[in-house]
Amino acid sequence: MIGPLATALIILALVIVLAAVVAAGRNRPMGTVLLVMLALLELGLLVQAGFAVAGVAGGKELEETATFVGYLVGALVIPPGAVFLGLAERSRWGSAVVAVGAFAVCVMVGRLLQLWQGTA
């Protein structure tokens, strides 16, 4: 995993949380801006996953490999799920679902970084 990319993903996820909370507070459904930001988040997660898989395949020793893989797959699945649910629910709660999903990704990326560095 790349530390600066993980940091950028965490910051992007927090920006998505903020934007989604503002949209929900204004009683707005998920819009194009949130959709584009979630797409960028997913793209960054895919790049990070590629580097993580390459590192593990290259011999990186992890204390909790199953946990790492679970967090990695979970982080990749959440943004598309948030998009699906956010578009399905065309009220403020669609934006709220996006906020919760982005916050979950933020926490999961932080946990992935801890597992990768062996500090967890």
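These lines cover the structure that appears in this document, whether it is placed above or below. (Residues numbered from 1 in each chain as written. Predicted model: local features only at pLDDT ≥ 70, side-chain atom pairs only at ≥ 80, totals over all residues. Heavy atoms only, no water.)

Description of the packing of helix α2 (residues 32-57) against helix α3 (residues 65-88)
A pair of packed helices can be characterised by two numbers: the angle between their axes and the separation between those axes. It is at 10 Å that the axes of α2 and α3 come closest, and there the two elements cross at 160°. The angle between α2 and α3 places the two elements in the roughly antiparallel class. As α2 runs across α3, the sense of the crossing is left-handed. Here Leu35, Leu38, Leu41, Glu42, Leu45, Leu46, Ala49, Ala52, Val53 and Val56 of α2 lie close against α3, whose contacting residues are Phe68, Leu72, Ala75, Leu76, Pro79, Pro80 and Val83. (Axes fitted to C-alpha atoms, helices over the stretch in contact; angles between N-to-C directions. Helix = DSSP H or I, 4+ residues; strand = E, 2+ residues; numbered from the N terminus. Parallel < 35°, antiparallel > 145°, perpendicular 65-115°, else oblique. Left-handed = near helix turned anticlockwise from the far one by under 90°. Contact = heavy atoms within 4.5 Å.)

As for the environment of Gly101
Structurally, the position occupied by Gly101 is in helix α4 (residues 92-117). Assessed through its relative accessible area of 11%, Gly101 is described here as buried. Sequence separation between Gly101 and Val17 is 84 residues, and the spatial gap between their C-alpha atoms is 8.3 Å. (Buried < 20%, exposed > 50% of the residue type's maximum accessible area, 1.4 Å probe, protein only.)

Quick notes on the side chain of Ser95
Along the polypeptide, Ser95 turns up in helix α4. Under the relative-accessibility criterion, Ser95 is labelled buried at 0%. Residues contacting Ser95, with those up to four places away along its chain left out, are Ala20, Ala23, Ala24, Arg28, Pro29, Met30 and Leu34.

A closer look at the packing of aromatic side chains
Across all of its chains, the model carries one aromatic pair by this definition. Between the NZ or CZ atom of Lys60 and the centre of the ring of Trp116, over which it lies, the distance is 5.2 Å. The positively charged end of Arg92 is found above the aromatic ring belonging to Trp93, 5.9 Å away from the centroid. (Phe/Tyr/Trp six-rings, centres within 6.5 Å; stacked < 30°, edge-to-face > 60°. Lys NZ or Arg CZ within 6 Å of the ring centre and 35° of its normal.)

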